[in-house]
Amino acid sequence: MSDSYGRHRFFPWYFFNAIFRISSAVVAAILGLIILQTSPQFLPDLAAKLRQSPGLIALWGFGSIVSIVFISVFLAITLIGIPLIPLLSLCTVVASLVGSLGVALFVGQSINRNGKLPVAQQFLIGLAILTVLTLLPFLGGLVVFLINLFGLGVILLWQFDRSKPQLAA
């Protein structure tokens, strides 16, 4: 009896989670295509950085998550800093979103090794693969965490690293 009750609670949660993930993917696709049109080298630069040093990017992502937690706690302690917490959260979400677009392009480029597809199609293929992976029950949360970890890491490494990535020919 309790197994049936648990199953009935799982399906509505999964349905709404799937709707949220798919709608997020549509928004990410629109944003990614806009970025590819306005700044054609930005997402390929992020994907090249990710290809060059994935371990360093993971460290940047993990370090940024830890530092964001500490900064949030520090801001919550001070009365003047409390209004800055939403701004910090917004900056983190935007940076992670833009970085995850680079992760999607990286996945699309990894699938399309011959490079015959345009960059926009590679991006959409990578985004579709990542979206399907996030829909997996119980593993989707881990996939989302890793996408955000690498996305935040790659955008921070792109911002603070002064060496130019070597683009694949």
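For the structure given in this document, a descriptive report is provided here. (Residues numbered from 1 in each chain as written. Predicted model: local features only at pLDDT ≥ 70, side-chain atom pairs only at ≥ 80, totals over all residues. Heavy atoms only, no water.)

### Some words on the packing of aromatic side chains
And step 1. Going through the model one piece at a time under the given rule, you end up with 3 aromatic pairs.
And step 2. Seen in terms of ring centroids, Trp 60 and Phe 160 are 6.0 Å apart; in terms of plane orientation they differ by 15 degrees. Their pairing is stacked. Of this pair, Trp 60 sits in helix 3 (residues 54-77) while Phe 160 sits in helix 6 (residues 140-160), placing them 100 residues apart in sequence.
And step 3. On the accessibility criterion, Trp 60 (30% relative accessible area) is partly exposed. (Phe/Tyr/Trp six-rings, centres within 6.5 Å; stacked < 30°, edge-to-face > 60°. Helix = DSSP H or I, 4+ residues; strand = E, 2+ residues; numbered from the N terminus. Buried < 20%, exposed > 50% of the residue type's maximum accessible area, 1.4 Å probe, protein only.)

### Some remarks on unusual backbone geometry
And step 1. Located in the positive-phi region is Phe 138, a residue other than glycine, with phi close to 70 degrees.
And step 2. Mapped onto the elements, Phe 138 comes out in the loop between helix 5 (119-134) and helix 6.

### What to know about the nonpolar core
And step 1. With 25 residues, the main nonpolar core has Phe 42, Leu 43 and Phe 123 as its most contacted residues.
And step 2. Contributions of two or more residues to this core are made by helix 1 (2-38), helix 2 (42-52), helix 4 (84-111), helix 5 and helix 6.
And step 3. In this structure Phe 42 touches Ile 35, Val 98, Ile 155 and Trp 158, once residues within four positions along its chain are discounted. (Core = buried A, V, L, I, M, F, W, Y, C linked by side-chain atoms within 4.5 Å. Contact = heavy atoms within 4.5 Å.)

### Here's the deal with the pattern of salt bridges
And step 1. Scanning the model with the defined rule gives 1 salt bridge in all.
And step 2. Here Asp 161 ties to Lys 49 by a salt bridge, and the two come within 2.9 Å at their closest N and O atoms. Here Lys 49 lies in helix 2 and Asp 161 lies in the segment after helix 6, a separation of 112 residues in the sequence.
And step 3. Accessibility expressed as a relative area gives 3% for Lys 49, which makes it buried. (Salt bridge = Lys/Arg side-chain N within 4 Å of Asp/Glu carboxyl O.)

### What to know about the packing of helix 2 against helix 6
And step 1. Helix 6 packs onto helix 2 with a crossing angle of 105 degrees between their chain directions and a minimal axis gap of 10 Å. With respect to their mutual orientation, helix 2 and helix 6 come out roughly perpendicular. Contacts between helix 2 and helix 6 pair Phe 42, Asp 45, Leu 46, Lys 49 and Leu 50 from the former with Phe 150, Val 154, Ile 155, Leu 157 and Trp 158 from the latter.
And step 2. The class makeup of the residues in the contact of helix 2 with helix 6 is 8 nonpolar, no polar and 2 charged. (Axes fitted to C-alpha atoms, helices over the stretch in contact; angles between N-to-C directions. Parallel < 35°, antiparallel > 145°, perpendicular 65-115°, else oblique. Nonpolar A, V, L, I, M, F, W, Y, C, P; charged D, E, K, R; others polar.)

So far we have only geometry, and geometry alone does not tell us how the molecule works.
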